Amino acid sequence: MLSGLFKLVFPALAGIFLLASCTKDPEIPLSGTYTPELPPGFPELKIPESNPITYEKIQLGKALFFEKGLSRDSSLSCASCHRQENAFSDPGPVSTGIGGLTGIRNASPLFNLAWKADFFRDGGVQSLELTPLNSLHAKNEFDSNTAEMLERLKRSTEYKRLFKIAFNDTITINGALQAMASFMRSMISGNSAFDEYLTGKTDALTESQIRGMNLFFSDKTSCSECHGGFNFRKEGFFNNGFFEQYPDSGRQRITLLESDRAKFSVPSLRNISLTAPYMHNGSVNELSDIIEIYNQGGFANPNKSEFIRPLGLSEEEKADLVSFLNSLSDYAFINNEAFRP
Ligand code: HEC
Ligand code: HEC
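Residues numbered from 1 in each chain as written. Chains lettered and ligands numbered in written order. Predicted model: local features only at pLDDT ≥ 70, side-chain atom pairs only at ≥ 80, totals over all residues. Heavy atoms only, no water.

**Structural notes on the coordination of the iron atom of ligand 2**
Then step 1. For the iron atom of ligand 2, the full set of protein donor atoms is His 227 (NE2) and Tyr 294 (OH), at a range of 1.9 to 2.0 Å.
Then step 2. Between the 6 donor atoms coordinating the iron atom of ligand 2, the angles at the centre fall across 87 to 180°, so the site counts as octahedral. In this pair, His 227 is assigned in the loop between helix 10 (223–226) and strand 1 (237–238) and Tyr 294 in helix 12 (residues 287–296), connecting sequence segments 67 residues apart. (Donors = N, O, S within 2.8 Å, 3.2 Å for Na, K, Ca; no water. Tetrahedral: all angles 85-135°; square planar, octahedral: opposite > 155°, others 65-115°. Helix = DSSP H or I, 4+ residues; strand = E, 2+ residues; numbered from the N terminus.)

**Quick notes on the site of ligand 2**
Then step 1. Close to ligand 2 lie 22 residues; Cys 223, Cys 226, His 227, His 280 and Tyr 294 are nearest.
Then step 2. The contact in question runs from a nitrogen atom of ligand 2 to an N or O atom on the side chain of His 227, over 2.8 Å.
Then step 3. Between ligand 2 and His 280, the relevant distance is 2.7 Å, taken from an oxygen atom to a side-chain nitrogen or oxygen of the residue.
Then step 4. Per-element accounting of the shell around ligand 2 gives the leading share, 4 residues, to helix 12.
Then step 5. Classifying every residue of the shell around ligand 2 gives 16 nonpolar, 6 polar and no charged. (Near = heavy atom within 4 Å. Polar contact = N/O pair within 3.5 Å; in protein donor to acceptor, adjacent residues only side chain to side chain. Nonpolar A, V, L, I, M, F, W, Y, C, P; charged D, E, K, R; others polar.)

**Some words on the environment of Glu 49**
Then step 1. You can see Glu 49 is positioned in the loop between helix 1 (2–23) and helix 2 (55–65).
Then step 2. The class of Glu 49 is exposed, set by a relative accessible area of 81%.
Then step 3. Glu 49 sits 52 residues away from Leu 101 along the chain, and the two C-alpha atoms are 37 Å apart. (Buried < 20%, exposed > 50% of the residue type's maximum accessible area, 1.4 Å probe, protein only.)

Structural data, given as structure tokens:
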């Protein structure tokens, strides 16, 4: 009797819930907690307790990411320097901000940031929520401030609506930062030929790429000592010996320690064929040049890692390493509509 009633009532209830979630906002296809299907081998999504991730926050964060009104003269958005076709990096060696002013560093690609412990090439910021403030204030980026940002957003009925949906609140700076961080955490990339190979599709990689992969993970090159793990990077700061002179002191800017001079955060090598030019200053253009410099053991530097030493690679081995790096690009990611305005 009871179960019969249940059978009658439950489908009806389910129908109501379905209707409720579909009609909430026609432009937001999904609502509530963001639960992506993670690429194989990725650890659980890391979300801070203070900023639970929802589809509504992601939607608002995306609008802000593409919002030119955040820059002083409304000429630039985050996406001006972080372009989807380049895995959200900048094809220029350094980026150009307001009034043509340039910075000193190559814009980092943006993906798999939910798992990153610190941000920027010197690790100067520990919370993804705070990263947009750097661009907002930098004279050579948005040259604006939080008061101006709030003022401008408040003039828009569309943002009023999006904040209401995301936070059930009025427009706030904290909300804007939380939403942008949520959007960036949703930029997950793990669908390359290499990933397919890992799931058992043995023809996803060429013979040369497989040889390159084995070299990459071997003691002969030690590449994976720093570029290891599911995201091809380990936490930490290293000098990889690429330059004779380091006008940018890197990690030392934050810690002030001589032992941290010219050390930089390890970049992920996912999507590497899409993110040229390379290194903190964007001064290296070709992956083959990178392999050449690593093979020679780099330039002498008191802080150079012991893993950087002459490798004695043959021409074929160098070519294999480049082929392997080319297998790490995720074309579904750079074509994903979810990351378009
Ligand atoms: C004028 C170009 C420019 C604009 C505009 C810009 N960025 Fe960046 N972004 C950079 C550069 C350059 C870096 C690397 C800076 C460094 O490491 O010191 C960077 C780094 C980052 C990082 C660190 C990534 C990591 O892995 O450490 C994040 C996150 C980020 N930007 C988000 C944003 C957001 C969000 C916006 C918009 C609010 C934005 N950026 C606007 C140039 C820009
Ligand atoms: C001691 C740690 C370490 C080892 C070992 C190492 N790297 Fe790196 N790698 C780094 C760091 C740090 C950077 C960033 C340097 C900078 O920003 O100037 C980097 C940058 C790169 C880049 C450019 C990434 C970008 O987005 O600009 C590539 C490609 C690369 N490494 C490939 C390799 C390969 C291939 C090997 C093995 C032959 C290797 N690395 C070994 C630490 C290391």
